[in-house]
Each structure stands twice: as structure tokens, then as C-alpha cells.
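Summary of the model geometry
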Amino acid sequence: MSARDRILAAIRAARPAPLPPAEAIAAEAAALLDAPESVRPRPVEAVLAAEFVRKASALGTSFDHLPDRAAIPLAVKRYLDTHGLPPALALQPAPALAALDWTGIDTHDTVAPDQRAALGLALWGIAETGSLVIHSGADAPILLSFLPLHHIVVLEERNQRRGNGNYLLRRNVHQVDVVTRCEHNFARVTADDELFRE
């Protein structure tokens, strides 16, 4: 018997016999959707941003709370120095980042296969899981999120949601991939101006 056959046999053996009717399974799923708060974990922290930090910190994430966007390059330089990295990174080609003063840091908008550090913007932070929502696009190449060992992410404090459902409702989308990686390092920015277009 192959490993595949053993796995499938274990799954078959673990399922209830007889299987519930499809209507019963659908009714159970619908009941969960009727009252999502009854199955959603309760946050430990009263403030959404603190809950996000708590959950993401459990994944090995580090944080640097900044007063505004202008402080991002200095925080990035500090991070690179602290981790013994050269003053160079792939920079998401977003206007909000390109407008900053990157003196002393070599930035480029392409990601090399051996890229050590990159900086990008997150659309949302999900407090329930400590996850980020990052979309790909012309000004947000997705490899920026996957190739570098050190992925530094700017997340505005106001762009945090309690759970994935809050994000999906706000964006009116039906499917989304949320990526959580232990190597994410966040800079939370409390600036009032808009970083992202809707």
C-alpha cells in the first residue's frame, strides 16, 4: 500500500458512518455563518492594534511604531543595521514609498532571487490572526513578499481589521489569500493621510 493509499484509508476510517446528508452539512455551515461572533475567537486586547501586535508577535514578528511616513527610512536603516544587513533593499514601487528620502540606503524596485531585504506596504492587518493582506499589482510585485529573507512591511494602524470577514466585507471580494510568515517585520504608521487607493 502506497503512502497515498494509507492517507486516504485513514481519512475514510475517520469519517462518520453513515455520512450525514448533504442538507444537514449545509445547514450546519449556514448556522455558523448566521452567528459568526459565536465561533470567532474573542480578542485578548481591548485595542485592535494591540491585539494585532500580540498575535503577530507570537509568530516572531518585530514592530517599530512610527509617528509618520517620514520616519520609515530611518526605521528601515535601524532594522538593517540591527540585523547586520547591508544598507540595500528592494522597495515596492509605490508612490508613497518612492517619495521618501532614502539617502544612505540603496533601493531598487526589482527583487533578485537572493534578495536579503525588501520593504512593502500592506493593505490590511488582520488582528485575529496577526496576518497581513497584501495584493499584487503593477506597483506591488508579489515576489517582494516571498523572496527576501527579511520582509519589512508598513501597515498603517487604521488599516487593521478584527478578522478576515471584516476585510472581505469592506473590499466586497469573495476570495482572498492571506499570507502569514514568521519573517515579517512591521512598521505601524499612524499618519492620517491615505497610503492606499480604494
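These numbers were taken from a predicted model, which means no experiment stands behind them.

1. Quick notes on the overall build of the chain
- When you go through the chain residue by residue, the secondary structure sums to eight helices and nine strands.
- By residue count, 35% of the 198 residues in the chain fall in the buried class.
- For the chain, contacts bridging at least 24 residues in sequence account for 77% of all contacts bridging at least 6.
- By element, 58% of the accessible surface of the chain is carried by carbon and sulfur atoms, the whole surface being about 11400 Å².

2. What to know about the confidence of the model for the chain
- Confidence along the chain averages 78 in pLDDT terms, with 82% of residues attaining 70 or more.
- Under a pLDDT of 50 for its full length, residues 168–198 has, in the predicted model, 99 contacts with residues more than four places off or in other chains.

3. Description of the pattern of salt bridges
- Tallied over the full model, the rule gives five salt bridges.
- One salt bridge in this structure joins Arg54 and Glu51, with 3.0 Å as the shortest N-O distance. Placement of both Arg54 and Glu51 in helix H4 (residues 48–57) is noted, with a separation of three residues, approximately one turn of the helix.
- Owing to a relative accessible area of 32%, Arg54 belongs among the partly exposed residues under this scheme.
- Residue Arg158 is joined to Glu156 by a salt bridge in which the shortest nitrogen-to-oxygen separation is 2.7 Å.
- Here Arg158 falls in the partly exposed class, since its relative accessible area comes to 34%.

4. With respect to the pairing of strand S2 (residues 88–91)
- One ladder, built from three bridges, connects S2 with strand S3 (residues 106–108); its direction is parallel. By the bridge assignment for S3, Ala90 is matched with His108.
- Across two bridges, the pairing between S2 and strand S4 (residues 117–121) is parallel. From the neighbouring strand, Leu91 faces S4, where its bridge partner is Leu119.

5. What about the environment of Ser57?
- By secondary structure assignment, the location of Ser57 is in helix H4.
- In this structure, the C-alpha to C-alpha distance between Ser57 and Gly130, residues 73 residues apart in sequence, is 7.8 Å.
- At 2.6 Å, the side chain of Ser57 and the backbone oxygen of Val53 are in polar contact.

6. Considering the nonpolar core
- Ile72, Val76, Leu80, Leu89, Trp102 and Leu119 are the most contacted members of the largest nonpolar core, which totals 21 residues.
- Only helix H5 (72–82), S2, helix H6 (95–98), S4 and strand S7 (150–156) provide two or more residues apiece to this core.
- Looking at this core element by element, the count peaks at five residues for H5.
- Among all residues touching Leu89, those that are not within four sequence positions of it are Val76, Leu80, Ile105, Asp106, Thr107, His108, Gln115, Ala117, Ala118 and Leu119.

7. Things to note about the sheet that holds strand S8 (residues 160–161)
- Reading across the sheet, the three strands line up as S6-S5-S8 and stay open at both edges, with mixed pairing between neighbours. Among the strands making up the open sheet, the edge pair consists of strand S6 (131–133) and S8.
- Relative to S8, strand S5 (residues 124–126) is paired through two bridges, and the arrangement is parallel. Bridge pairing in S8 places Gly125 opposite Gln160.

Conventions adopted
Residues numbered from 1 in each chain as written. Predicted model: local features only at pLDDT ≥ 70, side-chain atom pairs only at ≥ 80, totals over all residues. Heavy atoms only, no water. Helix = DSSP H or I, 4+ residues; strand = E, 2+ residues; numbered from the N terminus. Buried < 20%, exposed > 50% of the residue type's maximum accessible area, 1.4 Å probe, protein only. Contact = heavy atoms within 4.5 Å. Areas by Shrake-Rupley, 256 points an atom, 1.4 Å probe, with all protein chains shown as cover. pLDDT = per-residue confidence, 0-100. Salt bridge = Lys/Arg side-chain N within 4 Å of Asp/Glu carboxyl O. Pairing = 2+ DSSP bridges. Polar contact = N/O pair within 3.5 Å; in protein donor to acceptor, adjacent residues only side chain to side chain. Core = buried A, V, L, I, M, F, W, Y, C linked by side-chain atoms within 4.5 Å.

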